Amino acid sequence: MTRYFTDEHEWIDVDGSTATVGITSYAQEQLGDIVFVEVPAAGASVSKGGEAAVVESVKAASDVYAPVSGTVTEGNAALADDPSLVNSDPEGTGWFFKLTLADPGELDGLMDEAGYKAFVAGL
């Protein structure tokens, strides 16, 4: 499995033609305590860079963008009952949705972990 990152602070784990998407530790730290998450429904189409989910914290509401285009296969239902999973394990059990990749070539513009760490260090 390969993990990529966006400059909007999403991560995407890719395994073949399927992927899991969430927000980074940096993003959840900036948001503070997460109080609500809205994930896309299975079957929804998402476009690279388009709005795919919503996360609300005590500080602000933010959109979560799709790192790549594809069809959602599953939204993380656990986040409806326990949105704090995004704070406690943002790059694990706090994932937002899974999808089937429409165009694996879209991964080419994303950062690897070293690139993302350098990007965050420059903020």
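Here is a short report on the structure shown in this document. This one's a predicted model, so the numbers in the text were calculated from it and none came from an experiment.

Definitions and cut-offs
Residues numbered from 1 in each chain as written. Predicted model: local features only at pLDDT ≥ 70, side-chain atom pairs only at ≥ 80, totals over all residues. Heavy atoms only, no water. Pairing = 2+ DSSP bridges. Helix = DSSP H or I, 4+ residues; strand = E, 2+ residues; numbered from the N terminus. Axes fitted to C-alpha atoms, helices over the stretch in contact; angles between N-to-C directions. Salt bridge = Lys/Arg side-chain N within 4 Å of Asp/Glu carboxyl O. Buried < 20%, exposed > 50% of the residue type's maximum accessible area, 1.4 Å probe, protein only. Core = buried A, V, L, I, M, F, W, Y, C linked by side-chain atoms within 4.5 Å. Contact = heavy atoms within 4.5 Å.

### Description of the sheet that holds strand E5 (residues 45–46)
As summarised here, the arrangement of the six strands in space is E1-E2-E3-E9-E8-E5, forming an open sheet in which the pairing is antiparallel. Looking at strand neighbours, the two that pair on one side only are strand E1 (2–5) and E5, the edges of this open sheet. Where strand E3 (residues 18–23) lies against strand E9 (residues 97–101), four bridges are found, and the strand directions are antiparallel. Its bridge partner lying in E9, Thr18 is registered against Thr100.

### Concerning the sheet that holds strand E4 (residues 34–38)
The strand order E4-E6-E7 describes an open sheet built from three strands, whose pairing is antiparallel. The two strands at the open ends of the sheet, each matched to only one other strand, are E4 and strand E7 (61–65). For this sheet, the mean angle separating the axes of adjacent strands, direction not counted, is 25 degrees. Bridge analysis of E4 against strand E6 (residues 51–57) gives four bridges, and the strand direction is antiparallel. The residue bridging Phe36 from the neighbouring strand is Glu56, located in E6.

### As for the pattern of salt bridges
Tallied over the entire structure, the rule returns three salt bridges. Among the ionic pairs, Arg3 bridges to Asp13, the shortest N-O distance being 2.6 Å. With Arg3 in strand E1 and Asp13 in strand E2 (residues 10–15), the pair connects residues that are ten residues apart, well separated along the chain. We classify Arg3 as partly exposed; its relative accessible area is 25%. A relative accessible area of 13% means that Asp13 is categorised as buried. For Lys117, the salt bridge goes to Glu113, with nearest N and O atoms at 3.5 Å.

### Observations concerning the pairing of E3
Successive residues of a regular strand alternate their side chains across the two faces of the sheet. With respect to burial, E3 is a largely interior element, five of its six residues being buried. Here six bridges tie E2 to E3, and the two strands are oriented antiparallel to one another. Within the sheet, the bridge partner assigned to Val14 lies in E3 and is Ala19. Taken together, E2 and the strand that follows it, E3, pair antiparallel across an intervening segment of two residues, in which Gly16 is found at a positive phi of about 70 degrees.

### Considerations on the nonpolar core
Note that soluble globular proteins tend to have their nonpolar side chains buried in a common cluster. Counting 26 residues, the largest nonpolar core has Ile12, Phe96, Leu99 and Leu101 as its most contacted members. Where this core is concerned, the elements lending two or more residues are E2, E3, helix H1 (25–31), E4, E6, helix H3 (85–88) and E9. Sequence-distant contacts of Leu101, that is, excluding residues within four places in its chain, are made with Ile12, Val14, Gly16, Ser17, Ala19, Val68, Ser69, Gly70 and Leu107. If you look at the next biggest cluster of nonpolar residues, it comprises six residues, including Phe5, Trp11, Trp95 and Tyr116.

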